[in-house]
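Topology and contacts: notes
Listed here are the chains, written in short residue letters.
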Amino acid sequence: MTTSYETMYILRPDLGDEQVEQAITKYQNLLRDQGAEEIQIQNRGKRRLAYEIKKHRDGIYIQLNYTAPATAIAPFERAMRLSEEVIRYLTVKQEAEEEKPPKEEKEKPTKVAASV
């Protein structure tokens, strides 16, 4: 069974464009090897961090949206944890969008005028 996930990770700001692309490709291929599908990548660019992380004030934000089996997340996050280029990451399980049945409108009693 596959589930939708969103992973946001922050790369070191001193990486060049080519190194950023290599890192994105590396993690994309790792997810594919683990059985992920429908991988959408959004490079959010270099932004200021709210607080200093590993002596960095800026970071390059990358967002991945994908569907994958639950067993794919642990090896993916382990690779990020061991990487020198990733300074922070977070994976969030997306809620399944359920189709809600339309609310049935209750019939309101109508007032009938009494005829005399």
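See the structure above.
Residues numbered from 1 in each chain as written. Predicted model: local features only at pLDDT ≥ 70, side-chain atom pairs only at ≥ 80, totals over all residues. Heavy atoms only, no water.

Some thoughts on the overall build of the protein chain
The condition that has to hold: Under the scheme used here, helices are H or I runs from DSSP no shorter than 4 residues and strands are E runs no shorter than 2 residues, and both carry numbers assigned from the N terminus. To sort residues, take the accessible area from a 1.4 Å probe on protein chains only and compare it with the maximum for the residue type: under 20% means buried, over 50% means exposed, and anything in between is partly exposed. Using a 1.4 Å probe, the Shrake-Rupley method yields the accessible areas, and only the shown protein chains count as cover for residues.
In terms of regular secondary structure, the protein chain is built from two helices and four strands. Sorting the 116 residues of the protein chain into buried and exposed places 33% on the buried side. For the protein chain, the exposed area adds up to about 8900 Å²; of that, 47% sits on carbon and sulfur atoms.

Some remarks on helix α1 (residues 17-33)
For clarity, the cut-off: To estimate the expected span of a helix, subtract one from its residue number and multiply by 1.5 Å. Our arc is simply the arc of the directions from the helix axis toward the C-beta atoms.
Compared with an ideal rise of 1.5 Å per residue, which puts 17 residues at 24 Å, α1 spans 24 Å between its outermost C-alpha atoms and is within 8% of the ideal. Where α1 is concerned, the buried positions are V20, A23, I24, Y27, Q28 and L31. Down the axis of α1, the buried side of the element spans an arc of 130°, and every buried residue falls inside it. More than 90 degrees from the buried face of α1, the exposed residues found are E18 and D33.

A closer look at the side chain of Q63
Put simply, the rule is: For the purposes of these results, a polar contact is taken to be a pair of N or O atoms within 3.5 Å, where, inside protein, one atom must be able to donate a hydrogen and its partner to accept one; residues adjacent in sequence count only when each atom of the pair is a side-chain atom. Should any heavy atoms of two residues lie within 4.5 Å, those residues are considered in contact.
Relative to the helices and strands, Q63 is located in strand β3 (residues 56-69). Overall, Q63 belongs to the buried group, its relative accessible area being 7%. Within the structure, the side chain of Q63 is placed 2.5 Å from the side chain of R44, a separation counted as a polar contact. Not counting the four nearest positions on each side in its chain, Q63 is found in contact with E6, T7, M8, Q40, I41, Q42 and R44.

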